[in-house]
Amino acid sequence: MVLIDGKKIAEEIKDELARDIAHYIDHEDRVPHLAAVLVGNDPASQTYVKNKEKACQRVGMTSSIYKYPETITEKELLEVVDFINNDDDIDGLIVQLPLPDHIASEKIIQHIDPAKDVDGFHPVNVGRMALNLPAYVSATPYGILQLLERYKIETEGKRCVVLGRSNIVGSPVSILLAKKTYPGNCTVTLCHSKTKNIEEIIKEADILIAAIGQVEFVTADMVKNGAVVIDVGIHRVPDTSKAKGYRLVGDVKFEEVAAKCSFITPVPGGVGPMTITALLINTFKAFKKEIYP
Ligand code: GUN
């Protein structure tokens, strides 16, 4: 069994990116710039945004955080997006989710200029991705593809089972892995809460992508010998033996499933570290006007 080291790969990609950016900006009068909009005080969102800021510094990009209180109105937030859309010094814009209930996230996302939508959440980018046109691919699916590629995992003709149909992970990853490319050319089955005989379907997977949001849902008896398992889940479970009082687990019961796999991602340290890397790659593409010339 090979442990897919997302942390190591993410560091390698950041090194490469730092080199490429330094080389590229030699003849430019500014550096790539990622802006993040953060609303409210959600601790997980604050951590994500802080990590994004650190990662930008690491590769030589500028980052700015636009912080607003929970009470900001939808109209005011749309104005913030407008303002950043029109700022030529900012290449990429992300609005950290979730937003408070009184704000319609889709409306905010649809207001972002697709050319700055480095999260790849705007319908124009999702549509272009589905149609094989140049597009920003969202961070988690992009990170998963990078891991498959960097570990030279064979995908052509493989049976791939994706658990979960979210807009952010399950749905785009199922589209991407069915494409006529590498990584891709898989026969993809997308399973969700209404799927019948889900365990039998999982058992047929050569490549299993678990993004179902349920603590240790996938157990060893469901997995085929030699399968490749990518665990997108991340959950805190109480653990008094840890200083923080919890430990992180995924959608896969790691120890027992790992024993049957050819490749598996751990939680933490698998898919997670790759997501910010993907965002940095997209921001550099935005700077170079690679997707929208
Ligand atoms: N919240 C959790 N993950 C993400 C992400 O990838 N992008 C944004 N904008 N918000 C998130």
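Up top you'll find the structure we're talking about.
First, a word on what this report is: a plain description of the structure on this page. Just so you know, these numbers come straight off a predicted model, no measurement behind them. (Residues numbered from 1 in each chain as written. Predicted model: local features only at pLDDT ≥ 70, side-chain atom pairs only at ≥ 80, totals over all residues. Heavy atoms only, no water.)

A few words now on the sheet that holds strand β2 (residues 33-39). Spatial strand order, β3-β2-β4: three strands in an open sheet with parallel pairing. Because the sheet does not close on itself, it has two edges, and the strands there are β3 (62-68) and β4 (92-95). In this sheet, adjacent strand axes meet at a mean angle of 15 degrees when their direction is disregarded. The pairing of β2 with β4 spans four bridges and is parallel. Bridge pairing in β4 places Ala35 opposite Leu93. (Pairing = 2+ DSSP bridges. Helix = DSSP H or I, 4+ residues; strand = E, 2+ residues; numbered from the N terminus. Axes fitted to C-alpha atoms, helices over the stretch in contact; angles between N-to-C directions.)

In terms of residue burial, strand β5 (residues 159-163) counts as a mostly covered element, since four of its five residues are buried. Relative to strand β6 (residues 187-191), β5 runs parallel, the two being bridged by five bridges. Within β6, the position partnered with Arg159 by the bridge is Thr187. Viewed along the sheet, the connection from β5 through helix α7 (residues 170-178) into β6 turns out right-handed. Pairing geometry for β5 and strand β7 (residues 207-210), over four bridges, is parallel. Across the sheet, Leu163 pairs through a bridge with Ala210, a residue of β7. (Buried < 20%, exposed > 50% of the residue type's maximum accessible area, 1.4 Å probe, protein only. Right-handed = clockwise from strand over helix to strand, strands pointing away.)

With that out of the way, let us pick up unusual backbone geometry. Following Leu97, the chain continues into Pro98 via a peptide bond in cis, with omega recorded as 5 degrees. Note on placement: Pro98 falls in the loop between β4 and α4 (105-111). Pro183 follows Tyr182 through a cis peptide bond whose omega is -10 degrees. Tracing the chain through its elements places Pro183 in the loop between α7 and β6.

Let us look at a negative patch on the surface. Together, Glu199, Glu200, Asp221 and Glu256 make up a negatively charged patch on the protein surface. Relative to the assigned elements, Glu256 resides in helix α9 (residues 254-258). (Patch = residues over 30% accessible without salt bridge, like charges linked within 9 Å, V, L, I, M, F, W, Y side chains within 5 Å. Areas by Shrake-Rupley, 256 points an atom, 1.4 Å probe, with all protein chains shown as cover. Salt bridge = Lys/Arg side-chain N within 4 Å of Asp/Glu carboxyl O. Lys, Arg positive; Asp, Glu negative; His and termini not counted. Charge placed at Lys NZ, Arg CZ, Asp CG, Glu CD.)

If you check helix α10 (residues 272-287), its first and last C-alpha atoms are 24 Å apart, about what 16 residues at 1.5 Å a residue would give, namely 22 Å. Counting buried positions along α10 gives 13 out of 16 residues, so the element sits mostly inside the fold. A positive phi of about 55 degrees marks Lys289, the residue just after α10. (Expected span 1.5 Å × (residues − 1).)

Right, let's get into the nonpolar core. In terms of nonpolar packing, the biggest core is built from 54 residues, with Ile144, Leu177, Ile209, Ile230 and Leu280 touching the most fellow members. Broken down by element, the residue count for this core peaks at nine residues, all from α10. Ignoring sequence-local partners within four residues, the contact set of Ile230 consists of Ile4, Ile144, Leu148, Leu208, Ile209, Ala210, Thr265 and Val271. Membership of the second largest hydrophobic core comes to 19 residues, among which are Val161, Ile201, Ala210 and Ile264. (Core = buried A, V, L, I, M, F, W, Y, C linked by side-chain atoms within 4.5 Å. Contact = heavy atoms within 4.5 Å.)

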